[in-house]
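# Coordinate analysis (summary)
For reference, the chains in residue letters:
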Amino acid sequence: MLAQILLVQCDERPNEALLEKLQQSLQYELHTYHLEHAFDALERVEPDLVLFNFALTRDTDFSFLSSLKQSTSPLYLPFIVIANAFDEVVQQNALYAGADDFLVPPFSSALLFAKLETHLRTRHLSQRLIEKKENLAWYQERLRHEHLIVRNMFNNALSRNLQDCQQVETLLLPLSSFNGDLYLLAKGPLGSIYLLLGDFTGHGLPAAIGTLPTSQTFFAMAKRGAPIGQIAHEINQQLHKLLPENMFLCATLMELSASGNRVSWWSGGMPPALVIDADDSISQELTPQHLPLGILPPQDFEAGITMTRLEEGARVMLFTDGVIEMGIGQGKPLDYEDFYQICQQSRWNMAEIKQRLALEVMQRGINDDLSVMLLHCVPTGYAPRSTEEKLPSLPFEIRVHLTPNDIRHVDPVAQLLRGLSQLEGFPHFKARLYTALSEAYNNALDHGLLRLSSELKDTPDGFEQYYEERNRRLSSLHSGAIDITLSYQPPHRYLRVAVKDTGPGFAAQTQFTQRSTYSFGRGLLLIKELANNIRWFDQGRGIEFDFPLFDDEQVAPTNHQPVLP
Amino acid sequence: MSLTTEYANEGKQFIIHVSGRFDFSRVQEFRKSYDGMKESVRQVVIDFRKTEYIDSSGLGMLLNMRKSLGVDGRSYYLINCTASVRKVLDISRFDKLFVID
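Residues numbered from 1 in each chain as written. Chains lettered and ligands numbered in written order. Predicted model: local features only at pLDDT ≥ 70, side-chain atom pairs only at ≥ 80, totals over all residues. Heavy atoms only, no water.

The name given to chain B in an unreviewed UniProt entry is Anti-sigma factor antagonist, with the source organism recorded as Aliidiomarina haloalkalitolerans.

Naming follows an unreviewed UniProt entry, where chain A appears as Response regulatory domain-containing protein of Aliidiomarina haloalkalitolerans.

This is how it looks when you write it as structure tokens:
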């Protein structure tokens, strides 16, 4: 595009010589206006350069020049004044007023064009600078907006962290607004506490990006009560798939049992966690045995965990290497010994450790995200509590008659349990009901129909022989039957269970007696403890009991003495 | 439904994870899981976190394992028991032979 040149004339008579010179060049498009239309012309022409053909005899000329210059945008618009002013002071005043250059006639076309080109070049630079600035501002705004979205996602991902957990105290000091250190906490279905303290390669947003898959996997698996080794394996697989080669997650995963006296842990690439005994001494260093997460392909991953039993009053301290890398860049590193000393002197009181570390950070400077976590190993108090389960209001009775063929091909206890689990309130009791029903059924089958002797199980290899013999006899069983009856009569909170076989009765039932040794008379013992009102009928061919549909802690109905043979 | 094993604490510990039911249907599978266990193992751990049901044959299998692996310099742990599994273990006073938590 041709450069647009605005020529501002100060008097009626145009400068013929100048016009002629400019019109010689084909590189410019010339627009000539009188001084009094100069402001309009600026808007209309949008010139790349302004030439003033001035007399410069009046002060008003300077102030006009000045106000015209001020009206232009930050983009450099060169003002070149052409005037018959040999006085240097006049030239100076023009420059101060806003002119960018000064030409005193007579001058050659070559000089004029050289001046024009120089100033147009500067204008071009100015243009590019402004474009870059605008681009930068746009990118900055976009980045801010993207960070906002990502931060939101992070906050949501981490909002699943277990809140108000009395056992855990933390100090989390990210270097930038995104933390490359990761701290996750969740409770398991059996009341254990799962935790993860990790440190992604680097810091800031790129480091933090692995937080999303890691936290999702962690929370989902903790909720299911998965073992620590499996969680480590799964996170490793995720990160190995997602992260670039040079990025990984140093981490310690730990599960504190509901009882509070055992931790299972997996650790890769982290500073050793410390076990602190009740007397405040460091009794163990839990040194990592693995590579960090995200490095090894799943088939090479080592999921081996360590279980550590803890004394009463023990604590476990975990920290990321930001703690002991503090001050390294400034030549004032805080090493392990210094850190341990700080903790010892604070008697492992987290509030005090926080204060002292804050002081150290001020004195030494911080190079990396920094996290410290103290786990108090006491019973978690998260173990599931029993509740009064709501039960169905409809009475029912289930009768099952099993022939040898049924017995060979179906697992009646499991099937009945599956059916009962569909009923309101029953799932809560199904494990215990399974045990009781399974004992009664297996007794009827093993000793009633198959006439097996439990004594076989007492010999060294007898245990398996017993079950082999059981399978052998079962496959050739041709007669007999087992009847199971389950009845439920609300509002009574029990399920009456009756299991009867067509065997010889008490004559074969000698096995099924209570023995206090750790031998194989446990079946009846289990029924006795799990159920009420046990009685034999039909000369010992049948057993009936009431399986309670309430928890032990609740008020139990009168427990009648079992009627035993 | 599976039974998985792993070594922990640098081969000093052997963990068996039992999921689903722990009764006579698992006799052989359970027996095989500790066949050929390393001599170095000092602690045998049964992790019951995924066990839904247990009955007296399950208890028998535990005793059988203890007998067959021996108690010389070895201890046995039953961990992460659900309330129902725990109840069955308590009834039979397994706490006298196993460390339960």
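Anyway, onward from the coordinates.
### Description of the pairing of strand 14 (residues 315-319) of chain A
All names here are of chain A. The criterion, for reference: Relative accessibility thresholds used throughout: buried, under 20% of the residue-type maximum; exposed, over 50%; partly exposed, between the two (1.4 Å probe, protein chains only). Numbering of helices and strands starts at the N terminus; helices are DSSP runs of H or I of at least 4 residues and strands are runs of E of at least 2. Pairing between strands is defined by DSSP: at least two bridges between them are needed.
Along strand 14, five of the five residues are buried, which leaves the element largely enclosed by surrounding structure. Burial along strand 14 is two-sided: Arg315, Met317 and Phe319 and Val316 and Leu318, pointing in opposite directions, are all buried. The pairing of strand 11 (residues 273-276) with strand 14 spans three bridges and is classified as antiparallel. What sits directly across from isoleucine 276, in strand 14, is arginine 315. Here strand 14 pairs with strand 15 (residues 370-376) via five bridges, running antiparallel. Across the sheet, arginine 315 pairs through a bridge with histidine 376, a residue of strand 15.

### Comments concerning the packing of helix 1 (residues 27-34) of chain B against helix 2 (residues 56-69) of chain B
All names here are of chain B. Selection rule: Between N-to-C directions, angles span 0 to 180 degrees; the directions come from axes that are lines fitted to C-alpha atoms, helices contributing only their stretch in contact. An angle below 35 degrees is read as roughly parallel, one above 145 as roughly antiparallel, one from 65 to 115 as roughly perpendicular, and any other as oblique. Each helix crossing is assigned a hand: it is left-handed if the near helix lies turned anticlockwise from the far helix by less than a right angle, otherwise right-handed if that turn is clockwise. The contact criterion used is simple: two residues touch if any of their non-hydrogen atoms lie within 4.5 Å. Residues are grouped as follows: Ala, Val, Leu, Ile, Met, Phe, Trp, Tyr, Cys and Pro are nonpolar; Asp, Glu, Lys and Arg are charged; every other residue, Gly included, is polar.
Across the interface, helix 1 lies against helix 2 with an axial gap of 11 Å and an inter-helix angle of 30°. As the angle between them shows, helix 1 and helix 2 are arranged roughly parallel. The chirality of how helix 1 crosses helix 2 is right-handed. Here Val27, Phe30, Arg31 and Tyr34 of helix 1 lie close against helix 2, whose contacting residues are Met61, Leu62, Asn64, Met65, Ser68 and Leu69. A breakdown of the residues in the contact of helix 1 with helix 2 according to their chemical character gives seven nonpolar, two polar and one charged.

### Focus: the state of the cysteines
The following threshold applies: The disulfide criterion is simple: two cysteine sulfur atoms within 2.5 Å.
For the structure shown, the criterion picks out zero disulfides over all chains. Sulfur of cysteine 377 of chain A: no disulfide; nearest cysteine sulfur belongs to cysteine 165 of chain A and is 11 Å away. Looking at cysteine 377 of chain A, the relative accessible area reads 4%, which means it is buried. Residue cysteine 81 of chain B stays outside any disulfide, its sulfur separated by 20 Å from that of cysteine 377 of chain A, the closest cysteine. The class for cysteine 81 of chain B is buried, based on a relative accessible area of 13%.

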